[in-house]
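Spelled out from the first residue to the last, the chains are:
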Amino acid sequence: MASEKFSKGQAWFCTTGLPSDIIVEVDDMIFHLHKFPLMSKSRRLHQLIADQEANPTAKTSLHQKELQEEEDDGDEIEEVHSHITLHDFPGGSETFEMAAKFCYGVKIDLSAWNAAPLRCAAEFLEMTDEYSEENLIARTEKFISQSVLKSLKDSVRALKSCERVMELAETLMIPQRCIEAVILKASDVDSSLFGWPVKDGAGQGRDSVNRLLWDAIEGGNRWKGVSKDGNFSPWPEDLALLNLNMFKRLISAMRDGDLSSEIVEKCLMHYAKMYIPGASRSSRKPSPTVSSSSSSSSVLSEREQRELLETITSVLSEGKSSRSTTGVPFLFRLLRTSYILSASDECRSVLEKRIGLQLEQTTLDDLLIPSYSYLNETLYDVDCVERILSHFLENLKEKGEEVDVGERSPALLLVGKLIDGYLSEIASDANLKPERIYKLAMSLPEHARLFDDGLYRAVDVYLKAHPWISDSDREYICGMIDCQKLTLEACTHAAQNERLPLRAVVQVLLFEQLQLRHAIAGTLLAAETAAEPRLPSGSAEAVVGVEETDQDEDDTGEPTLATDAPAAAGLGSVRATWKAAVRENQVLRLDMDSMRTRVYQLERECSTMRKVIEKIDREGPLPGGGGWRSSLSRRFGCKFKTQVCHSHEPVAVEARKGRRSRGPSRAGS
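Residues numbered from 1 in each chain as written. Predicted model: local features only at pLDDT ≥ 70, side-chain atom pairs only at ≥ 80, totals over all residues. Heavy atoms only, no water.

**Student:** It is not clear to me how the pattern of salt bridges should be interpreted in this structure. Could you clarify?
**Tutor:** Pairing is possible between side chains of opposite charge, provided their charged atoms come close. Counting across every chain of the model gives 15 salt bridges. In this structure, Glu 141 and Arg 177 form a salt bridge, with 2.7 Å as the shortest nitrogen-oxygen distance. Remark: Arg 177 occurs in helix α9 (residues 174–186) and Glu 141 occurs in helix α6 (residues 136–146); sequence separation between them is 36 residues. Looking at Glu 141, the relative accessible area reads 23%, which means it is partly exposed. In this structure, the salt-bridge partner of Glu 352 is Arg 387, at a minimum N-O distance of 3.0 Å. Taken together, the residues Glu 352 in helix α16 (residues 345–357) and Arg 387 in helix α18 (residues 382–399) connect sequence positions 35 residues apart. Assessed through its relative accessible area of 4%, Glu 352 is described here as buried. Judged by relative accessible area, which is 35%, Arg 387 ranks as partly exposed. (Salt bridge = Lys/Arg side-chain N within 4 Å of Asp/Glu carboxyl O. Helix = DSSP H or I, 4+ residues; strand = E, 2+ residues; numbered from the N terminus. Buried < 20%, exposed > 50% of the residue type's maximum accessible area, 1.4 Å probe, protein only.)

If you want it as structure tokens, here you go:
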């Protein structure tokens, strides 16, 4: 076997005991070789050597000088007769070195990283079987077909290696074959288990496969528990090895095929996390185990990042399913990145629509999108959230989930709670206009909220952060609250909230009174229907008999009713039940009387409050200030206590009309 040694970093020598008789120059490397091994395997080298021998003066002075320096250093004296320069050799000097070793009969190790470049080099050197049996073309072609293309991971790596020899590789259709192999193997992957290791070729028994899978499960992080030497690999992460053009070509082929849209989107997600800053929460960088020629990954420029982002959105817009399988937090990170990279409006529109289709899965942190434009005065991008919400509502209308108010959509209730939380967060923004927060709050239908406590909290935060707004604006903001849908805690807080306008507080108290009256009416009706409990047939006579027996016992000391002991025990139980029911009814009637008295007092207080408010409106504020509460206390010497009924109980009060038809206008009621 031939042995080689390196000299001065730019020359490669083959020491076989015979002086080299040819120099082959590839890129910046000079190979000192022998004619016979090369001519016996390569038709092209045979022709070039023959041309050199026919024209022996082709040697340059530069090469003569290099040979003279090598002789002066004491190296082996070589009788060089030919010099060949191979321009644009496929794969460079490393690939030619492997081809030269093959010519010398040295065993070469083929892999997914070097098979495609070596196949192109063999084509370049015309190392066919017609010229020499079992030549390099047949050897590499067999390895690619029977080994590389049988493995999904190796197909991706071979596709990456084609980037170095793209022109000749395209002629040999190696990239297309690798892409087809990737699609074929990926179509066998169960999308429900996406992210699990994919079996890398044949040769693993079922027991070994199960063992590796269980090791991954016990390891806690899916494929992280698998050994590096195992035949399992997270192949979507291998796609990060491809450059942008090759990746786009592969994704385009996936979309044209019958591959699941979920797999395509997952591949896009992995690639984006590697190369788009902000697309991933972690700072992980692609570091797959690759050869030295492919280990370094280039950083995408801003233009390439924008191009990748628009490619992702184009795939999402043309997806077969109406809902994206990518995570909502990831979509929000892409949306923020689209503003930073100044992506197209169409790109942002697609992301907003995809988020809107699954808005119920969103968290409040994701929804807080900063304003990236200097034209936007607010701290957060409220317009973007309004557009996302409109997409969500349009999707509900298409599904018919919003039409029936009686059957609330669970997704709509979740979004209602989410928007209320968002309103509370942005309400403290000093630049937020009343029209903006009112418009966003009223974008949701009325039945999107079981209670308006979230809206009340947003209003309270807004009034606290904007103490300078006028009274009309205060009433305008409070107009988005339905006092009938406030819970006990919210009503109690609102009745004592000095920031609320007088009209809003009075409305809270009035609705509390109406709720209390209807609750009392319902309780009285239920009590009247249950006032006279029905006894079983013969129970009345039994009770009378028992009473007579008791009277006889009091007079004579012995029972006079001729009954046996079991019958007497049963009649005693009926009597005890009857007496307990009578006592409960008496207590209930006393409670009802007390509640009637309280309702009467509340009606008098509210009537007095109406007269006072009308008089204040006519006369203007009292001198000395003190607010409307102190004014009422001074005029009437009374304090109004809040008697609240739990708002979970159904009420017969008609909902306030005109709340939503009023729109963003500020016409006072």
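**Student:** How should I be thinking about the pairing of strand β3 (residues 22–26) in this particular structure?
**Tutor:** Along a regular strand, successive side chains alternate from one face of the sheet to the other. Of all five residues in β3, five are buried; the element is thus mostly enclosed. With burial as the criterion, each face of β3 is covered, one bearing Ile 22, Val 24 and Val 26 and the other bearing Ile 23 and Glu 25. Summarising the sheet, β3 and strand β4 (residues 29–33) pair through five bridges and their orientation is antiparallel. In the strand pairing of β4, Ile 23 is matched with His 32. (Pairing = 2+ DSSP bridges.)

**Student:** Sorry, what's going on with unusual backbone geometry here?
**Tutor:** Generally, phi is negative for residues other than glycine and the peptide bonds are trans, each holding for most cases. Phi angles above zero are rare outside glycine, and Glu 134 is one such case at about 50°. Within the secondary structure, Glu 134 is located in the loop between α5 (115–125) and α6. Its identity as a non-glycine residue notwithstanding, Ser 342 has a phi of 55°, on the positive side. Relative to the helices and strands, Ser 342 is located in the loop between α15 (328–340) and α16.

**Student:** How do you make sense of the environment of Asn 376 when you look at a structure like this?
**Tutor:** Within the secondary structure, Asn 376 sits in the loop between α17 (364–367) and α18. Taking the C-alpha atoms as reference points, Asn 376 and Asn 431, separated by 55 residues in sequence, lie 9.8 Å from one another.

**Student:** It is not clear to me how the pairing of β4 should be interpreted in this structure. Could you clarify?
**Tutor:** Counting buried positions along β4 yields five of five residues, so the element is predominantly enclosed. Residue alternation in β4 divides its side chains into two sets, Met 29, Phe 31 and Leu 33 and Ile 30 and His 32, and both sets are buried. As consecutive antiparallel partners, β3 and β4 are separated by two residues, and within that stretch Asp 27 has a phi angle of approximately 55°, a positive value.

**Student:** Help me out: how do you make sense of the packing of helix α12 (residues 244–256) against helix α14 (residues 302–317) in this one?
**Tutor:** The packing of two helices is summarised by the inter-axis angle and the distance between the axes. Look at α12 against α14: their axes get within 11 Å of each other, and the N-to-C directions meet at 5°. Our classification of the angle between α12 and α14 gives roughly parallel. The segment α12 lies against α14, with Leu 244, Phe 247, Lys 248, Ile 251 and Arg 255 engaging Glu 304, Glu 307, Leu 308, Thr 311, Ser 314 and Val 315. In terms of residue class, the contact of α12 with α14 is built from five nonpolar, two polar and four charged. (Axes fitted to C-alpha atoms, helices over the stretch in contact; angles between N-to-C directions. Parallel < 35°, antiparallel > 145°, perpendicular 65-115°, else oblique. Contact = heavy atoms within 4.5 Å. Nonpolar A, V, L, I, M, F, W, Y, C, P; charged D, E, K, R; others polar.)

**Student:** Just checking my understanding: could you explain a negative patch on the surface for this structure?
**Tutor:** On the surface, a cluster of negative charge is contributed by Asp 27, Asp 28, Asp 88 and Glu 167. By the secondary structure assignment, Asp 88 is in the loop between β5 (82–86) and α4 (92–103). (Patch = residues over 30% accessible without salt bridge, like charges linked within 9 Å, V, L, I, M, F, W, Y side chains within 5 Å. Areas by Shrake-Rupley, 256 points an atom, 1.4 Å probe, with all protein chains shown as cover. Lys, Arg positive; Asp, Glu negative; His and termini not counted. Charge placed at Lys NZ, Arg CZ, Asp CG, Glu CD.)

**Student:** Would you explain the packing of aromatic side chains in this entry?
**Tutor:** When we look at a pair of aromatic rings, we describe it by the centre distance and by the angle of the planes. In total, this model carries seven aromatic pairs according to the counting rule given. Considering the side-chain rings of Phe 247 and Tyr 271, the 3.8 Å spacing of their centres and the 10° angle between planes classify their relative orientation as stacked. Separated by 24 residues along the polypeptide, Phe 247 in helix α12 and Tyr 271 in helix α13 (residues 261–275) bring together distant segments of the chain. Each member of the pair, Phe 247 as well as Tyr 271, is classed as buried. Every member of this aromatic cluster is reached through a ring pair, and the members are Phe 31, Phe 89, Phe 96 and Phe 124. Arg 44 extends its terminal NZ or CZ atom over the ring of Phe 124, reaching a point 4.0 Å from the ring centre. When the ring centre of Tyr 339 is taken as reference, the NZ or CZ atom of Arg 348 above it lies at 4.9 Å. (Phe/Tyr/Trp six-rings, centres within 6.5 Å; stacked < 30°, edge-to-face > 60°. Lys NZ or Arg CZ within 6 Å of the ring centre and 35° of its normal.)

**Student:** Teacher, can you tell me more about α18 here?
**Tutor:** Along an α-helix, residues three or four positions apart point the same way, because every turn accommodates 3.6 residues. In this model α18 runs 26 Å from its N-terminal to its C-terminal C-alpha over 18 residues, within 8% of the 26 Å that 1.5 Å per residue would give. Listing the buried residues of α18 in full gives Val 382, Cys 384, Val 385, Glu 386, Ile 388, Leu 389, His 391, Phe 392, Leu 393, Asn 395 and Leu 396. In this structure, the buried residues of α18 make contact with α15, α16, α17, α19 (410–426) and α20 (434–441). Taken from the residues just after α18, Gly 400 is the one with a positive phi, measuring 75°. (Expected span 1.5 Å × (residues − 1).)

**Student:** What is the right way to look at the side chain of Ser 424 in this model?
**Tutor:** Residue placement: Ser 424 occurs in helix α19. Using a relative accessible area of 7% as the deciding quantity, one classes Ser 424 as buried. A distance of 3.2 Å separates the side chain of Ser 424 from the side chain of Arg 457, its partner in a polar contact. Sequence-distant contacts of Ser 424, defined by excluding residues within four places in its chain, comprise Gly 454, Arg 457, Ala 458 and Val 461. (Polar contact = N/O pair within 3.5 Å; in protein donor to acceptor, adjacent residues only side chain to side chain.)

**Student:** Could you clarify how one ought to interpret the nonpolar core in this entry?
**Tutor:** What tends to happen in soluble globular proteins is that the nonpolar side chains get buried as a cluster. One finds Met 254, Leu 308, Leu 359, Leu 389, Phe 392, Ile 419 and Leu 423 to be the most contacted residues of the largest nonpolar core, which totals 117 residues. With nine residues, the single largest contributor to this core is α13. When neighbours within four sequence positions are excluded, Leu 308 is seen to be in contact with Leu 244, Phe 247, Tyr 271, Ala 272, Tyr 275, Ile 276 and Leu 300. Trp 12, Val 26, Leu 110 and Ile 137 belong to the second-largest nonpolar core, a separate cluster that totals 33 residues. (Core = buried A, V, L, I, M, F, W, Y, C linked by side-chain atoms within 4.5 Å.)

Don't take any of this as a statement about function, it's just geometry.
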